[in-house]
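# Understanding the architecture of this molecule
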Amino acid sequence: MADPIPMYAPKKRPPREEVPAGECLCSYCPAKCCRYFALPIDEPETWEEWDFVRWYLLHERATIFVEDDSWYLLVHTVCKHLGEDNLCGIYETRPQICRDYTTGNCEYEDSWVYDYYWETDEQVEEYAEAVLGPRPGHTFRSPKPV
């Protein structure tokens, strides 16, 4: 199993609206936005497509979530340029995706909830069976006791 992702303990985190004027919200945040990336994926519709989702989750630090009817592969990994102070080490030359991301709608408050969230291939298999019915020729469930 992979080592846990280390987290820097920033200053005490005030509510967003209480961050002093002129200070950066990032100075109070554990840099969650720099500790993962999420890639859109197609919603699986067949057993073959669900097997790809299961395969993703057989890899450490990978999860799947659905938000607003969009599906994502989320990989929990730290940006190699995240400094010990939780600030970007290449801020002036950071990629455009980082430049486009603002604190206006970031995860600072920890208040988001996904529509669906899977961490294990067993969860995905069970959900797929509920959606598609048993796989032809076998089932994920144990046989009914006699």
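Residues numbered from 1 in each chain as written. Predicted model: local features only at pLDDT ≥ 70, side-chain atom pairs only at ≥ 80, totals over all residues. Heavy atoms only, no water.

Here the focus is the sheet that holds strand β2 (residues 62-67). What holds strands together in a sheet is hydrogen bonding between their backbones, with the strands either parallel or antiparallel. The antiparallel open sheet is built from four strands, whose spatial order is β1-β3-β2-β4. Bordering the open sheet on either side are β1 (36-41) and β4 (116-118), each of which pairs with just one other strand. Taking each pair of neighbouring strands and ignoring which way they run, the sheet shows an average axis angle of 20°. With six bridges connecting them, β1 and strand β3 (residues 70-76) associate as antiparallel partners. In the sheet register, Tyr 36 faces β3, and the bridge partner there is His 76. The strands that helix α1 (residues 47-57) touches are β1, β2, β3 and β4; relative to β2, the one it contacts most, it runs at about 130°. (Pairing = 2+ DSSP bridges. Helix = DSSP H or I, 4+ residues; strand = E, 2+ residues; numbered from the N terminus. Axes fitted to C-alpha atoms, helices over the stretch in contact; angles between N-to-C directions. Contact = heavy atoms within 4.5 Å.)

Before going further, it helps to spend a moment on unusual backbone geometry. Positive phi, normally seen in glycine, also occurs at Ala 31, with a value near 60°. Its place among the elements puts Ala 31 in the segment before β1. Given a relative accessible area of 5%, Ala 31 falls into the buried group. Phi at Asp 68 is positive, roughly 55°, even though this residue is not glycine. In this fold, Asp 68 is placed in the loop between β2 and β3. (Buried < 20%, exposed > 50% of the residue type's maximum accessible area, 1.4 Å probe, protein only.)

For the rest of this paragraph, the subject is the pattern of salt bridges. Evaluated as defined, the whole model comprises six salt bridges. Between Arg 54 and Asp 51 there is a salt bridge, with the nearest N and O atoms lying 3.3 Å from each other. Placement of both Arg 54 and Asp 51 in helix α1 is noted, with a separation of three residues, approximately one turn of the helix. Residue Arg 54 pairs with Asp 121 through a salt bridge whose shortest N-O separation is 3.5 Å. Note that Arg 54 is positioned in helix α1 and Asp 121 in helix α3 (residues 121-132), a separation of 67 residues in sequence. Taking relative accessible area as the criterion, Arg 54 reaches 23% and is therefore assigned partly exposed. (Salt bridge = Lys/Arg side-chain N within 4 Å of Asp/Glu carboxyl O.)

Next up on the list: the nonpolar core. Here is a general trend for soluble globular proteins: nonpolar side chains tend to be buried in one another's company. Of all hydrophobic cores here, the largest spans 13 residues; its most connected members are Trp 50, Ile 64, Trp 71, Trp 118 and Val 124. Contributing elements (two or more residues each) for this core: α1, β2, β3 and α3. It is α1 that provides the largest number of residues to this core, a total of four residues. Counting six residues, the second largest nonpolar core, distinct from the first, contains Val 19, Leu 25, Cys 29 and Cys 106. (Core = buried A, V, L, I, M, F, W, Y, C linked by side-chain atoms within 4.5 Å.)

Over its 12 residues, α3 runs 16 Å from end to end, which matches the ideal 16 Å to within 8%, given 1.5 Å per residue. Within α3, burial applies to Asp 121, Val 124, Glu 125, Ala 128 and Glu 129. Projected onto a plane normal to the axis of α3, the buried residues spread over an arc of 135° and lie on a single side. Along its buried surface, α3 packs onto α1 and β4. Gly 133 sits one or two positions beyond α3 and adopts a positive phi of about 85°. (Expected span 1.5 Å × (residues − 1). Arc of directions from axis to C-beta.)

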